[in-house]
Amino acid sequence: MSAIFEVENLSLHYLSRWGQKIHAVTDVSFSMKKGEILGIAGESGCGKSTLVNGLMGLFIPPLYPTSGDVRVNGESLMNRTPQDIRSNILSRKVSMIPQGAFNALNPTRKVKDIAADVIVAHLQKGGVTRKESYDLLRERFDLFGMDTERILNSFPIQLTAGERQRSVIGISTLLNPQMVIADEPTSALDVSTQKVVIKMIFDLLEKNIFSTMIFITHELPLLRHVADNIGIMYAGEFVEYGTAEQIVFDPRHPYTKALMGAMLSAEPGQREKKPVAIEGAPPSLAKIISGCRFAERCPSARPDCKLRSQAIRMVAGRQVRCEYAD
Ligand SMILES: Nc1ncnc2c1ncn2[C@@H]1O[C@H](COP(=O)(O)OP(=O)(O)OP(=O)(O)O)[C@@H](O)[C@H]1O
Ligand SMILES: [Mg+2]
C-alpha cells in the first residue's frame, strides 16, 4: 500500500523579533500508510508541537518552513496560505487536536456553538447549515456514550477537563478526517480521565471514523500500547525511528535508552525500577549545532561526537542518528 502521508527532510524555524532563527525542527522524515499509528515522544521543548504545525502546513509567523516537504495523498502542503490549509486540509484530510485545546475552548460560547463555528467554517463549500452541524454533533456524541444534551448546551467552564477534551476530540473528528494528529491529548489530565480519553480515541479508530494517527506524548511507555511505530525527538531531530516494540524494548540510541530509563514503567516486573534522571539540559536551538546534539549529556559519548553532526543510519532494523550505536 502506498503512503498517504509523507514527510521529507522537514526543517522549521522561528524568527525572533531581532531576526534570530530558532531551529526548532531539523531534518525530519517519515511516511505513513493508511491505518498506521505513529507515536512521537521527546522531552519538553524538543519541537513536537512545532513539528505538528509543520505537518499541517500551518505556518503562522513567527514559524517558517526552512526546507523539506509534507505531502498528503501526494499533494504538497508547503507554500500554502493558512486560509487555504484551514478550508481545504484541516478537519477533512488531516485533523489536529492541538496541545491544551481543552483549556483553550472559547469560554463565552456553548460547546455546540463552538463546534458549529468550526464545521460551518470548514464546510463553506459544502454548504452545511448550523442545524445540520448540530445534528451531526448529537449523533457523534451519542455514539460515544456522552451526556450529549448537557455537554452541548454547556459553556466549557461548566464541564470537567475530561468532558472538554472528549468534546474537542469529537469536534475535530466530526468530518471523518483521513488522519488525526493529536498533540499530547492526555497530558494535564488525571490518570482515570486519561484512560477515558484514550478509550475514546480507540473507539474512533475501531469505528473507522479515522484510521491513521500521529500521537504525540512525552510518556513513552503509553505509546507501546497505542503505536505501531515510534519516532523519538531530541533537540528538533528524530534520533530514533522504528517499531514500537523496537523502541520500547530494545532502544539503540543513547537518548532513547536514557528516556526509557527516565520513565516510570508500569510494565509487569519493572515496577521496582526507579526512574533515572537525564543529567543536563538540551542545547539551545538558537545556535547552529555542529556536533551530535545529545553529546553533552550522552553517557557513551566519545571525544569526536561533539565535532560531527550525526546522520540517520540503519541499526538493528530501525533508523538511528548515532554513528556509534549498535
Ligand atoms: N513562538 C515561538 N517563538 C520562538 N520560539 C518558539 C516559539 N514557540 C516555540 N518555540 C521554541 O521552539 C522549541 C520547540 O518548542 P515546542 O513547543 O515545539 O516543543 P514541545 O516538544 O512541543 O514541548 P512540550 O512538550 O513542552 O509541549 C522550544 O525551544 C521553544 O522555546
Ligand atoms: Mg508541545
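Quantities reported herein were computed from a predicted structural model and do not represent experimental measurements.

## Structural notes on helix 8 (residues 191-206)
At step 1: Given a rise of 1.5 Å per residue, 16 residues ought to cover 22 Å, and the 22 Å separating the end C-alpha atoms of helix 8 matches this to within 8%.
At step 2: Those residues of helix 8 lying buried are Val197, Met200, Ile201 and Leu204. Angular distribution of buried residues about the axis of helix 8 spans 95°; they occupy a single face of the element. Of the residues in helix 8, the exposed ones pointing more than 90 degrees away from the buried face are Val191, Ser192, Phe202 and Glu206.
At step 3: Looking at the buried positions of helix 8, the neighbouring elements they touch are helix 7 (161-172).

## Description of the environment of Leu285
At step 1: Tracing the backbone shows Leu285 in the loop between helix 11 (254-262) and strand 11 (313-315).
At step 2: What makes Leu285 buried here is the crowd of 22 C-beta atoms within 10 Å.
At step 3: For the pair Leu285 and Tyr14, spaced 271 residues apart in sequence, the C-alpha separation works out to 10.0 Å.
At step 4: Excluding its chain neighbours within four sequence positions, the residues that come into contact with Leu285 are Ile22, His23, Ala24, Ala235 and Gly236.

## What to know about the site of ligand 1
At step 1: Around ligand 1 there are 15 residues in total, and Tyr14, Ser44, Lys48, Ser49 and Thr50 lie nearest to it.
At step 2: Looking at the shell around ligand 1, the elements with two or more residues in it are strand 2 (21-33) and helix 1 (48-55).
At step 3: Of the residues contributing to the shell around ligand 1, the split by class is six nonpolar, eight polar and one charged.

## Things to note about the pairing of strand 1 (residues 3-15)
At step 1: Bridge count between strand 1 and strand 2: eight bridges; the pairing is antiparallel. Bridge pairing in strand 2 links Phe5 to Met32.
At step 2: In this antiparallel pair of consecutive strands, strand 1 and strand 2, the connection spans five residues, and Gly19 shows a positive phi of 80°.
At step 3: Two strands pair when backbone bridges link them, and strand 1 and strand 4 (residues 63-72) are joined in this way by eight bridges, in the antiparallel orientation. Bridged to Glu8 within strand 4 is Asp69.

## Some words on the packing of helix 7 against helix 8
At step 1: Where helix 7 meets helix 8, the closest approach of the two axes is 9 Å, and the angle between their N-to-C directions is 15°. By the angle between their axes, helix 7 is roughly parallel relative to helix 8. The interaxial crossing formed by helix 7 with helix 8 has right-handed handedness. Across the interface between the two elements, Ala161, Gly162, Gln165, Arg166 and Ile169 from helix 7 touch Thr193, Val196, Val197, Met200 and Ile201 from helix 8.
At step 2: Residue composition of the contact of helix 7 with helix 8, grouped by class: six nonpolar, three polar and one charged.

## Let's talk about the sheet that holds strand 11
At step 1: If you trace the eight strands from one edge of the open sheet to the other, you get 6-7-8-3-9-10-12-11, paired in mixed fashion. On the outer flanks of this sheet lie strand 6 (94-97) and strand 11, each paired with one strand and no other. Averaged over all pairs of adjacent strands, the angle between their axes in this sheet comes to 20°, without regard to strand direction.
At step 2: Alignment of strand 10 (residues 237-243) against strand 12 (residues 318-320), held across two bridges, turns out to be antiparallel. Counterpart to Tyr241 in the pairing with strand 12 is Gln319.

## A short note on the sheet that holds strand 2
At step 1: Overall, antiparallel pairing links the four strands, which are arranged 2-1-4-5 in an open sheet. Edge positions in the sheet fall to strand 2 and strand 5 (75-76), since each has one partner strand and no second.

## Topic: the nonpolar core
Generally speaking, nonpolar side chains in soluble globular proteins are found buried as a group.
At step 1: Residues Met56, Ile181, Met213, Phe215, Ile232 and Tyr234 are the most contacted members of the largest nonpolar core, which totals 83 residues.
At step 2: Filtering out sequence-adjacent residues up to four positions away, Met56 remains in contact with Leu77, Ile85, Ile89, Leu90, Val94, Met96 and Ile181.

Here is what the cut-offs are and how they apply
Residues numbered from 1 in each chain as written. Chains lettered and ligands numbered in written order. Predicted model: local features only at pLDDT ≥ 70, side-chain atom pairs only at ≥ 80, totals over all residues. Helix = DSSP H or I, 4+ residues; strand = E, 2+ residues; numbered from the N terminus. Expected span 1.5 Å × (residues − 1). Buried ≥ 20, exposed ≤ 12 C-beta atoms within 10 Å, placed from the backbone. Arc of directions from axis to C-beta. Contact = placed C-beta atoms within 7 Å. Near = placed C-beta within 6 Å. Nonpolar A, V, L, I, M, F, W, Y, C, P; charged D, E, K, R; others polar. Pairing = 2+ DSSP bridges. Axes fitted to C-alpha atoms, helices over the stretch in contact; angles between N-to-C directions. Parallel < 35°, antiparallel > 145°, perpendicular 65-115°, else oblique. Left-handed = near helix turned anticlockwise from the far one by under 90°. Core = buried A, V, L, I, M, F, W, Y, C linked by C-beta atoms within 7 Å.

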